[in-house]
Amino acid sequence: MALTARLHLRQAQTMAMTPQLLQSIRLLQFSHMELERFIDDQIERNPLLERADEAGTAQPAAEMPEPALPVDAAGMADRLDTSLENVFPDDPGRTDGSASARKGAHRERQPGLPSMGVPDTDWPVEEFADRPPGLREHVRDQIAMTVRGQADRAIAIDLADHLDARGYIEADLDAIATRLAVPREAIDRVLGMVQTFDPAGLFARDLPECLALQCARRDRLDPAMRALLENLELLARRDFKALSRLCGVDQADLVDMLAEIRTLDPRPGLAFEHSPVQAVVHDVEVRKGADGAWQIELNRDALPRVLVDRDYYATVTAGALDGAEKSFMTQCLQDAHWLERSLDQRATTVLKVATEIVRQQDGFLTEGVSALKPLTMKMVADEIAMHESTVSRVVANKFMMTPRGLYELRFFFSGAISATDGGDRDHATESVRQRIRDLIEAERPEKVLSDDALVVQLRADGIDIARRTVAKYRESMNIASSVQRRREKRALVLAGT
């Protein structure tokens, strides 16, 4: 059989992901802060874009009242045979009111520099506010006041440079001694000096040493406390009987020692971390209407709006522009129109998804977490005729304010656990977690519930669940095992008696 080459024509349809389509998909999953940064970047790149709130509050130049000038200033202008604009070149009151003049002034003003005539209200106040010193600045101030010798001060500064955010020193002291060409005894001596700095616990090499430094500062580092700090792994397992034997104290004294340890700071350096707090801005708000129905509204503060300055586009394109300049302005106009439509489409999609979530989880809003229903993104997508991936992008990094508090949209999506009687009503995994938490919080010291006992209780409530699932949920909520909880509760009872 001979092999020959042939040409065939074939017609097929394919979906092309254009850059604008990819950008629209990204807009859906942006959080509020990410969306704000994206819009600021687009406004910086596109001269035809401006924020709707800024455009609404700005006063047109033609309607701005002219500033009252001193008589001597007007006279000076007449004597110099010039206009008042030349006498007061930064005065915004004397403009021709055209869009091109306003845009030109906006483009010529350098960002970050104050304008003499127009107050710049975009300066972040936090950049000029006095900030408290950080950990290294705090330590260096104490080194300057405490460490006298030049060689010791160099060692202390080198040790301070190896502090992590917790206040621990993570460095090889032998390597530091070799690099600084000093004996190891000098490093240990300076380390002992800096370990007396405030707050207590700085320059510790591990957690036991950090807690020991704080106990020593309080004059509580006796042999029993030292033995307790050397066996923190037993404390993590709540093995109070072994701890009592190692420390040589009874249960009541051990409980007092544990109470004192709880007052210590395992990470003293974090007190100097001054990261700005990012407030969570909810995207959707749900409230009860007068008719008893739920009203779902988008949060206007989380909905940035942009306007397209078509007057400026018409003014610029009416002038003498070359081909590249006309192409640039045309592209800017198309991008501005696309962003305007994409933001409206994003708001509509978020509202549609949130409305369906509220309809599906109506029981949660009225009764709480115990009434959560199993809900998947495919169920929501089928109801609102969207793709499941679109719903997944919409609920990413979005928050809903409800009468029961602020919740992430992903919170309302939960898997299903079957009912014991084979009924149609399955149980949401989040409601099962809450039920386990309630049962453990209500248990008595003399009757601590094991995982098997929790399974019996849950099955009595109609929840068909396995023991390993209960253990997995309990561990995910950072709840100790029944053995550890029993030891802790018995210790608390002895402390109370």
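Residues numbered from 1 in each chain as written. Predicted model: local features only at pLDDT ≥ 70, side-chain atom pairs only at ≥ 80, totals over all residues. Heavy atoms only, no water.

Enquirer: What am I meant to see in helix H11 (residues 207-217) here?
Expert: At 3.6 residues per turn, the α-helix brings residues three or four places apart onto the same side. Along H11, the residues classified as buried are Glu209, Cys210, Leu211, Ala212, Leu213, Gln214 and Cys215. Looking at the packing, one finds that the buried side of H11 touches helix H12 (223-229) and helix H13 (232-236). One side-chain oxygen at the N-terminal end of H11 lies 2.9 Å from the backbone nitrogen of Glu209; it belongs to Asp206. Asp219 occupies a position one or two residues after H11 and carries a positive phi of about 60 degrees. (Buried < 20%, exposed > 50% of the residue type's maximum accessible area, 1.4 Å probe, protein only. Helix = DSSP H or I, 4+ residues; strand = E, 2+ residues; numbered from the N terminus. Contact = heavy atoms within 4.5 Å. Polar contact = N/O pair within 3.5 Å; in protein donor to acceptor, adjacent residues only side chain to side chain.)

Enquirer: How should the sheet that holds strand S2 (residues 284-288) be read in this particular structure?
Expert: Taken in spatial order, the 4 strands make up an open sheet running S3-S2-S5-S6, and their pairing is mixed. Edge positions in the sheet fall to strand S3 (294-298) and strand S6 (405-408), since each has one partner strand and no second. Averaged over all pairs of adjacent strands, the angle between strand axes in this sheet comes to 25 degrees, irrespective of strand direction. Two strands pair when backbone bridges link them, and S2 and strand S5 (residues 399-402) are joined in this way by 2 bridges, in the parallel orientation. Paired with Val284 across the two strands is Met400, which belongs to S5. Strands in contact with helix H17 (residues 323-360) are S2, S3 and S5; relative to S3, the strand with the most contacts, it is inclined by about 155 degrees. (Pairing = 2+ DSSP bridges. Axes fitted to C-alpha atoms, helices over the stretch in contact; angles between N-to-C directions.)

Enquirer: Would you take a moment to explain the environment of Asp452 for this structure?
Expert: Here Asp452 lies in helix H22 (residues 451-460). Judged by its relative accessible area of 45%, Asp452 falls in the partly exposed class. A C-alpha to C-alpha distance of 9.4 Å links Asp452 and Arg468, two positions 16 residues apart in sequence. Among the polar contacts listed, one links the side chain of Asp452 to the side chain of Arg467, at a separation of 3.2 Å.

Enquirer: How should I be thinking about the packing of helix H2 (residues 32-45) against H17 in this particular structure?
Expert: Helix packing geometry: the angle between the two helix axes and the distance between the axes. Taken N-terminus to C-terminus, the directions of H2 and H17 make an angle of 165 degrees; their axes are 12 Å apart at the nearest point. Here H2 lies roughly antiparallel to H17, going by the angle between them. Crossing angle aside, the handedness with which H2 passes H17 is left-handed. Counting all contacts with H2, which are made through Leu35, Phe38, Ile39 and Gln42, the residues of H17 involved are Trp338, Leu339, Leu343 and Arg346. Of the residues assigned to the contact of H2 with H17, the class counts are 6 nonpolar, 1 polar and 1 charged. (Parallel < 35°, antiparallel > 145°, perpendicular 65-115°, else oblique. Left-handed = near helix turned anticlockwise from the far one by under 90°. Nonpolar A, V, L, I, M, F, W, Y, C, P; charged D, E, K, R; others polar.)

Enquirer: Which parts of the structure should I look at to understand the pairing of S6?
Expert: Of the pairings in the sheet, the one linking S5 to S6 comprises 4 bridges and is antiparallel in character. Residue pairing for S6: Phe399 is matched across the bridge by Glu408. Following S5, the chain reverses through 2 residues before pairing antiparallel with S6.

Enquirer: For this particular structure, what's the right way to read the nonpolar core?
Expert: In globular proteins that are soluble, nonpolar side chains generally tend to be buried together. Counting residues in each nonpolar core, the largest one holds 30 residues, and the members touching the most others are Val353, Ile357, Val391, Val395, Met400 and Phe413. For this core, the elements supplying multiple residues, two or more each, are S2, S3, H17, helix H18 (362-367), helix H19 (377-384) and helix H20 (388-395). Of the residues forming this core, the biggest block, 6 residues, is contributed by H17. Among residues more than four places away in sequence, those in contact with Val391 are Val353, Met377, Val380, Ala381, Ile384 and Phe413. The next biggest cluster of nonpolar side chains, apart from the first, holds 22 residues, and it includes Leu135, Val147, Ile169 and Leu173. (Core = buried A, V, L, I, M, F, W, Y, C linked by side-chain atoms within 4.5 Å.)

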